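So you can see what is in the structure, the chains are spelled out below.
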Amino acid sequence: MQLSHWIDGKAYQNSQTIEDVNPANGQVIATVPVADQAMVEQAVAAAKVAQKQWAKQAVHKRAQVMFNLRNLIVEHFDEIVGIISLDNGKTIADAKGELQRGLEVVEYACGAPELLKGEHSRLVGSDIDSWSEFHSLGVVLGITPFNFPAMVPLWMIPMALICGNAFILKPSEKVPMAANKLAQLLQAAGLPDGLFSVVHGGRETAEMLIDHQDIKAVSFVGSTPAAKAIYQRASAAGKRVQALGGAKNHALLMPDADIENAADTLIGAAFGGTGQRCMAISVAVCVGDDTADKLIASIVPKMDKLLVAEGNQADADMGPLIDGIALDRVGNIISEATAQGATVVKDGRQIQANNSGYFCGPTLIDHVKADMSCYQTEIFGPVLAVVRVADLEQAIELTNQHQYGNGTCIFTQNGAAAHKFANEIEVGMVGINVPLPVPMAFHSFGGWKQSLFGDLHAYGPDSVRFYTRRKTITQRWLKQAAGQGTAFGQL
Ligand code: NAD
């Protein structure tokens with residue numbers, strides 16, 4: 001399959017291309033063009049022209065496009081799920097979950113008239129009223145990661161568009177296919193050409209787009225080094241930036257937790273999406289040795305039952321990692337853990353021999369210490385590390401000292417412990433007996449520390465702020481002027 005850029009409602013090619021590989025078997029599934037400066041110029045120019053009209057479009061008409069898009073995504077749901085699973089390798093169930101979460105942002109964006117109503121204050125002074133309006137920014141850019149080919153673009157696209165902007169997407173070069181499907185659906189939904197473009201390529205293309213003077217804001221989701229670099233680069237050029245980075249999410253298990261239930265939910269939280277989720281739980285912080293021993297006794301048999309297979313196999317629980325680089329990284333970190341004195345209780349690398357894809361099975365490492373590489377780094381694979389601590393105080397301190405602060409959760413039956421945890425933990429998204437506390441579409445998504453660069457979180461109310469600039473108008477009409485020069489005479 002030959003993929004194209006999507007600019008101004010038309011498909012374009014470039015002579016330079018890259019290959020898109022199916023991670024389940026290493027075979028090439030698409031050839032993808034890599035945009036050069038000329039292609040970037042073309043996309044931005046088309047977006048700029050289209051945006052001028054779109055910004056004047058009645059807000060309920062913008063919302064109507066989102067209603068149409070919502071219905072089209074529902075209609076094409078299984079097809080999009082198939083594309084996600086093929087390109088990324090994730091299971092059909094995971095792909096369905098991802099698309100559902102993306103769809104919810106489209107549904108939230110259908111409320112555009114309410115979201116963009118602005119704020120009004122009567123009588124801020126004698127005969128004076130004041131109100132704030134949300135104005136569009138212009139052409140905005142989204143750069144997205146490989147692990148959610150549809151959901152992360154959908155965190156951005158609907159919100160940027162309803163706010164009156166044109167949106168250019170530079171999807172991950174590792175999973176470029178879903179972006180083109182979304183482009184088709186947006187056109188079918190009635191979005192005028194030019195307002196949504198897909199520009200393919202890697203880092204160089206992303207940098208050309210970021211540097212373009214007509215790009216007014218950049219939404220980025222990906223690894224922390226890239227998030228930091230993009231935040232610095234774009235903000236130095238005076239652009240608005242939100243750059244969401246990596247994670248190392250801790251689950252705290254208290255001695256009073258329902259361990260069986262915690263182990264059940266940790267199976268999904270740690271190994272779902274093959275651990276390639278920015279909200280995946282990768283550390284189980286157990287308060288007391290007894291808690292750790294019980295967790296291991298409960299979770300290992302559940303791990304043994306997980307079927308690691310091609311994502312589109314009906315009974316698969318976990319698909320492959322995205323590529324050979326990821327497979328090597330995960331393998332090396334497991335080896336280092338052993339060398340550094342941790343105990344590998346279950347080693348997912350043993351599954352590799354039987355497959356031509358980039359498969360790694362669920363892995364459990366016990367007796368992990370804070371200075372080990374398997375604790376410090378984001379592994380981004382199906383690896384759960386068990387750290388043993390003495391009490392809640394230590395568990396909170398450990399979590400707070402980590403460089404990342406995306407998500408976390410506590411398993412406990414004690415309200416006071418949960419309350420202390422929620423208050424003191426330095427993490428952006430917190431669960432209490434909920435291992436994946438991903439905010440719904442009507443809240444906003446974002447972490448703390450090295451997990452987010454910028455002030456505003458993704459989707460939800462923050463995204464209206466991010467994709468608009470405010471104008472505040474203060475108005476006074478003098479009484480004696482009322483009626484003068486009108487057909488009504490003096491009032
Ligand atoms: P990545 O940083 O390698 O790439 C993400 C995107 O950025 C791709 O489109 C890539 O082409 C582009 N890119 C890479 N380096 C760049 C640079 N220096 N300048 C400009 N563009 C650049 O990330 P990935 O491997 O695709 O995704 C996995 C990472 O994303 C993990 O670290 C994961 O935690 C993170 N992630 C975070 C969130 C979140 O909400 N915080 C969500 C999903 C994924």
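In this text, all values refer to a predicted model and were calculated from it rather than measured experimentally.

Conventions used here
Residues numbered from 1 in each chain as written. Predicted model: local features only at pLDDT ≥ 70, side-chain atom pairs only at ≥ 80, totals over all residues. Heavy atoms only, no water. Helix = DSSP H or I, 4+ residues; strand = E, 2+ residues; numbered from the N terminus. Rg over C-alpha atoms; globule rule 2.2 N^0.38 Å. Buried < 20%, exposed > 50% of the residue type's maximum accessible area, 1.4 Å probe, protein only. Contact = heavy atoms within 4.5 Å. Areas by Shrake-Rupley, 256 points an atom, 1.4 Å probe, with all protein chains shown as cover. Lys, Arg positive; Asp, Glu negative; His and termini not counted. Charge placed at Lys NZ, Arg CZ, Asp CG, Glu CD. Patch = residues over 30% accessible without salt bridge, like charges linked within 9 Å, V, L, I, M, F, W, Y side chains within 5 Å. Salt bridge = Lys/Arg side-chain N within 4 Å of Asp/Glu carboxyl O. Domains from an automatic or database assignment. Buried area = accessible area lost by both parts, 1.4 Å probe. Polar contact = N/O pair within 3.5 Å; in protein donor to acceptor, adjacent residues only side chain to side chain. Nonpolar A, V, L, I, M, F, W, Y, C, P; charged D, E, K, R; others polar. Phe/Tyr/Trp six-rings, centres within 6.5 Å; stacked < 30°, edge-to-face > 60°. Pairing = 2+ DSSP bridges. Axes fitted to C-alpha atoms, helices over the stretch in contact; angles between N-to-C directions. Parallel < 35°, antiparallel > 145°, perpendicular 65-115°, else oblique. Left-handed = near helix turned anticlockwise from the far one by under 90°. Near = heavy atom within 4 Å.

Some thoughts on the overall build of the protein chain
Next, step 1: Along the backbone of the protein chain there are 16 helices and 22 strands.
Next, step 2: A globule of 491 residues ought to have a C-alpha radius of gyration of about 23 Å, and the protein chain, at 25 Å, matches this closely.
Next, step 3: Counting only C-alpha atoms and orienting by the principal axes, one finds that the protein chain spans roughly 90 × 60 × 40 Å.
Next, step 4: Taken over 491 residues, the protein chain has a buried fraction of 57%.
Next, step 5: Pairs at least 24 apart in sequence give 71% of the contacts found in the protein chain among residues at least 6 apart.
Next, step 6: Summing over all exposed atoms, the protein chain offers an accessible surface of approximately 19,900 Å²; the carbon and sulfur share of this is 51%.
Next, step 7: Averaging the coordinates of the 39 positive side-chain charges in the protein chain and doing the same for the 49 negative ones gives two points 9 Å apart.

With respect to a positive patch on the surface
Next, step 1: A surface patch of positive charge is lined by Lys216, Arg240, Arg469, Arg470 and Lys471.
Next, step 2: Within the fold, Lys216 resides in strand β10 (residues 215–221).

Examining the domain arrangement of the protein chain
Next, step 1: Here the protein chain is described as being made up of domain 1 (5–245 + 451–474) and domain 2 (249–432).
Next, step 2: Summarising the inter-unit geometry, the C-alpha centres of domain 1 and domain 2 are found 31 Å apart.
Next, step 3: For the pair domain 1 and domain 2, the two sides together bury roughly 1,700 Å², of which 58% comes from carbon and sulfur.
Next, step 4: Scanning the region where domain 1 abuts domain 2 turns up two salt bridges.
Next, step 5: In this structure, Asp323 and Lys174 form a salt bridge, with 3.7 Å as the shortest nitrogen-oxygen distance.
Next, step 6: Taken together, domain 1 and domain 2 are joined by eight residue pairs in polar contact (both at pLDDT 80 or more).
Next, step 7: Only α3 (77–88) and α4 (92–109) provide two or more residues apiece to the side of domain 1 that touches domain 2.
Next, step 8: Looking at which element gives the most residues to the side of domain 1 that touches domain 2, the answer is α3, with three residues.
Next, step 9: Of the residues in the side of domain 1 that touches domain 2, the class split is seven nonpolar, nine polar and four charged.

Quick notes on the packing of aromatic side chains
Next, step 1: Throughout the structure, instances matching the rule amount to seven aromatic pairs.
Next, step 2: Aromatic pair Phe167 and Phe196: ring centres 6.3 Å apart, planes at 10 degrees, arrangement stacked. Of this pair, Phe167 sits in strand β8 (residues 166–170) while Phe196 sits in strand β9 (residues 196–198); the two residues are 29 residues apart in sequence, bridging distant segments of the chain.
Next, step 3: On the accessibility criterion, Phe167 (0% relative accessible area) is buried.
Next, step 4: By relative accessible area, Phe196 is classed as buried at 3%.

Examining the sheet that holds strand β16 (residues 383–389)
Next, step 1: With mixed pairing, the seven strands of this open sheet are ordered in space as β14-β15-β16-β13-β12-β18-β19. Of all the strands in the sheet, just β14 (343–346) and β19 (429–432) have a single pairing partner and so form its edges. With strand direction ignored, the average angle separating the axes of adjacent strands in the sheet is 20 degrees.
Next, step 2: Packing of helix α11 (residues 289–304) onto the sheet brings it into contact with β12 (249–253), β13 (281–287), β14, β15 (363–366) and β16, and relative to β16 it is tilted by some 165 degrees.

Looking at the pattern of salt bridges
Next, step 1: Summed over the entire model, instances satisfying the criterion amount to 23 salt bridges.
Next, step 2: Its salt-bridge partner being Lys181, residue Glu79 comes within 2.9 Å of it at the nearest N-O pair. Of this pair, Glu79 sits in helix α3 while Lys181 sits in helix α7 (residues 177–188), and the two are 102 residues apart along the sequence.
Next, step 3: Taking relative accessible area as the criterion, Glu79 reaches 38% and is therefore assigned partly exposed.
Next, step 4: What emerges from the salt-bridge pattern is a single network uniting Arg203, Glu207, Asp211 and Arg233.

Looking at the pairing of strand β4 (residues 28–33)
Next, step 1: With five bridges joining them, strand β3 (residues 17–21) and β4 adopt antiparallel strand pairing. Considered in β4, the bridge of Asp20 is made with Ala30.
Next, step 2: Where β3 folds back on β4, the antiparallel hairpin that results is connected by six residues, among which Gly26 adopts a positive phi of roughly 75 degrees.

A closer look at the packing of α3 against α4
Next, step 1: Two elements in contact, α3 and α4, have axes separated by 9 Å at closest approach and are oriented at 120 degrees. Relative to α4, α3 is oriented oblique. Seen along the crossing, α3 lies across α4 with a hand that is right-handed. Of the residues in α4, those touching α3 at Phe77, Asp78, Ile80, Val81, Ile84 and Ser85 are Ile92, Ala95, Lys96, Glu98, Leu99 and Gln100.

Overview of the environment of Ala58
Next, step 1: You can see Ala58 is positioned in the loop between α1 (37–54) and α2 (59–75).
Next, step 2: You can call Ala58 partly exposed: its relative accessible area is 31%.
Next, step 3: For the pair Ala58 and Pro113, spaced 55 residues apart in sequence, the C-alpha separation works out to 9.1 Å.

A few points about the site of the ligand
Next, step 1: Taken together, 29 residues lie near the ligand, and Lys170, Glu173, Ser223, Gly245 and Glu378 sit nearest.
Next, step 2: One of the backbone nitrogen or oxygen atoms of Phe146 is found 3.0 Å away from an oxygen atom of the ligand.
Next, step 3: Mapped by element, the contributors of at least two residues to the shell around the ligand are α8 (203–211), β10 and α9 (224–236).
Next, step 4: Here the shell around the ligand takes three residues from α8, the largest share from any one element.
Next, step 5: Shared between two domains, the shell around the ligand holds at least three residues of each, these being domain 1 (5–245 + 451–474) and domain 2 (249–432).

A short note on the packing of α4 against helix α6 (residues 151–162)
Next, step 1: In contact at an axis separation of 8 Å, α4 and α6 are set at 10 degrees when each is read in the N-to-C sense. On the basis of the axis angle, α4 is roughly parallel to α6. Residues Glu98, Leu99, Arg101, Gly102, Leu103, Val105, Val106, Tyr108 and Ala109 of α4 form the contact with α6, whose participating residues are Met151, Leu154, Trp155, Pro158, Met159 and Ile162.
Next, step 2: Of the residues that constitute the contact of α4 with α6, the class distribution is twelve nonpolar, one polar and two charged.

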